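For reference, the chains in residue letters:
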Amino acid sequence: MTSPEEVRARLEAIRAARGGYVLPHHGAMAAALPELHATYEAMYRALTLDDHHLAPHAKEVVWLAILVACQEPVGTHHLHLFMKTGGTEAEAAAVFRLAAWAAGARRYAALAASWQQHLPGTDLAREYKDGAMRLVAGALDERLARLALIGAHTAGDEAWGLAAEIEAAYAAGVPEPEIAEAMSLAIWVRGVNPFVRATETWLRLMQAGRVTPSPAFRAWAETPGQGAFVPPPR
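Residues numbered from 1 in each chain as written. Predicted model: local features only at pLDDT ≥ 70, side-chain atom pairs only at ≥ 80, totals over all residues. Heavy atoms only, no water.

Focus on unusual backbone geometry
Step number 1: Although it is not a glycine, glutamine 71 adopts a positive phi angle of roughly 50 degrees.
Step number 2: Within the secondary structure, glutamine 71 is located in the loop between α4 (56-69) and α5 (77-84).
Step number 3: The exposure class assigned to glutamine 71 is exposed, which follows from its relative accessible area of 73%.
Step number 4: One non-glycine residue, aspartate 157, lies in positive phi territory at about 60 degrees.
Step number 5: Along the chain, aspartate 157 turns up in the loop between α9 (142-156) and α10 (159-171). (Helix = DSSP H or I, 4+ residues; strand = E, 2+ residues; numbered from the N terminus. Buried < 20%, exposed > 50% of the residue type's maximum accessible area, 1.4 Å probe, protein only.)

Right, here's the structure in full:
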């Protein structure tokens, strides 16, 4: 049984490591699941703190888009980090508009599925992608805006909008590792399964020839046997 002194000591260590604050789940893990907490902190660091492909400010733009898209009250320290890495209130407002725009993707998906054939002069997917850029009005460059929307759609489990934004990101020259990292940040807010489905959407785009992958990502796309578990025959 964990002693009160051990719990207090663990919480103080967590507080020191996290810049002076703890959240309720830290207490639960300190009291009952210290091994889980150690692994949790390692993943948190690898996923959110360590440098990978996104520049610090770009990462915080994506974080902000994900949190707003999920209507998430936890994680407001990312707004502080956004400002600390050079963000402005005008830029934040543009991210908020993008997150709200992402919520409308399902409406465009329904239109594209049912009405596109009645509007031969209007490409509804293009309308969706262009509309997002009109919302940012120069406050964000296109590549960063596409990454923000990719993060928001991953977290929102919105396959049609995500596919549109991945295509737009390729067209804008966004590096594939940055797309992958933007998707991965949603794991912390929404769990692994939406990330699995987002990468499946990306995989199908590559396999269908709708985007042209680099050699490393082509190797992923060409690997057979990717998908849900299929029970062996009896």
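With respect to α9
Step number 1: For α9, built from 15 residues, the straight-helix expectation of 21 Å at 1.5 Å per residue is met to within 8% by its first-to-last C-alpha distance of 21 Å.
Step number 2: Capping the start of α9, aspartate 141 holds a side-chain oxygen 3.0 Å from the backbone nitrogen of arginine 143, two or three residues further along.
Step number 3: In the segment just after α9, aspartate 157 is the residue with positive phi, at about 60 degrees. (Expected span 1.5 Å × (residues − 1). Polar contact = N/O pair within 3.5 Å; in protein donor to acceptor, adjacent residues only side chain to side chain.)

A closer look at the packing of aromatic side chains
Step number 1: Evaluation of the coordinates by the stated rule reveals nine aromatic pairs.
Step number 2: Ring centres 5.6 Å apart and planes at 15 degrees place the aromatic pair tryptophan 101 and tyrosine 128 in the stacked group. Here the residue tryptophan 101 occupies a position in helix α6 (residues 89-103), and tyrosine 128 occupies one in helix α8 (residues 124-136), the gap between them amounting to 27 residues.
Step number 3: By relative accessible area, tyrosine 128 is classed as buried at 0%.
Step number 4: Here the aromatic residues Trp101, Tyr108, Tyr128 and Trp160 are joined through ring pairs into a cluster of three or more. (Phe/Tyr/Trp six-rings, centres within 6.5 Å; stacked < 30°, edge-to-face > 60°.)

Thoughts on the UniProt feature "domain: Carboxymuconolactone decarboxylase-like" (unreviewed entry) in the chain
Step number 1: According to UniProt, the feature "domain: Carboxymuconolactone decarboxylase-like" (unreviewed entry) maps to residues 34-113 in the numbering used here.
Step number 2: The span residues 34-113 carries 78% helix and 0% strand; its end-to-end C-alpha distance comes to 49 Å. (UniProt positions renumbered as here; feature names shortened; annotations may be inferred.)

Remarks on the pattern of salt bridges
Step number 1: Considering all chains together, one arrives at 10 salt bridges under this definition.
Step number 2: The partner of lysine 59 in a salt bridge is glutamate 181, with the nearest N and O atoms 3.8 Å apart. Residue lysine 59 is located in helix α4, and its partner glutamate 181 is located in helix α11 (residues 176-184); the two are separated by 122 residues in the primary sequence.
Step number 3: On the basis of relative accessible area, lysine 59 is assigned to the buried category, the value being 4%.
Step number 4: Measuring nitrogen to oxygen at the nearest pair gives 3.5 Å for the salt bridge that ties arginine 204 to glutamate 200. (Salt bridge = Lys/Arg side-chain N within 4 Å of Asp/Glu carboxyl O.)

Focus: the environment of glutamate 12
Step number 1: In this fold, glutamate 12 is placed in helix α1 (residues 4-17).
Step number 2: Classification of glutamate 12 by relative accessible area gives partly exposed; the value is 46%.
Step number 3: Between the C-alpha atoms of glutamate 12 and valine 22, which are 10 residues apart in sequence, the distance is 8.7 Å.

Quick notes on a nonpolar patch on the surface
Step number 1: Where nonpolar side chains cluster on the molecular surface, the patch consists of Val68, Leu79, Met83 and Phe96 and spans about 290 Å² of accessible area.
Step number 2: With respect to the helices and strands, the residue leucine 79 is situated in helix α5.
Step number 3: With a relative accessible area of 35%, leucine 79 lands in the partly exposed category. (Patch = residues over 30% accessible without salt bridge, like charges linked within 9 Å, V, L, I, M, F, W, Y side chains within 5 Å. Areas by Shrake-Rupley, 256 points an atom, 1.4 Å probe, with all protein chains shown as cover.)

Considering the side chain of glutamate 176
Step number 1: Mapped onto the fold, glutamate 176 is located in helix α11.
Step number 2: Buried glutamate 176, no salt bridge; nearest opposite-charge side chain is arginine 218, N-O distance 8.1 Å.
Step number 3: At 2.7 Å, the side chain of glutamate 176 and the side chain of tyrosine 170 are in polar contact.
Step number 4: Not counting residues up to four positions away in its chain, the partners in contact with glutamate 176 are Tyr170, Trp202, Thr212, Pro213, Ser214 and Phe217. (Lys, Arg positive; Asp, Glu negative; His and termini not counted. Contact = heavy atoms within 4.5 Å.)

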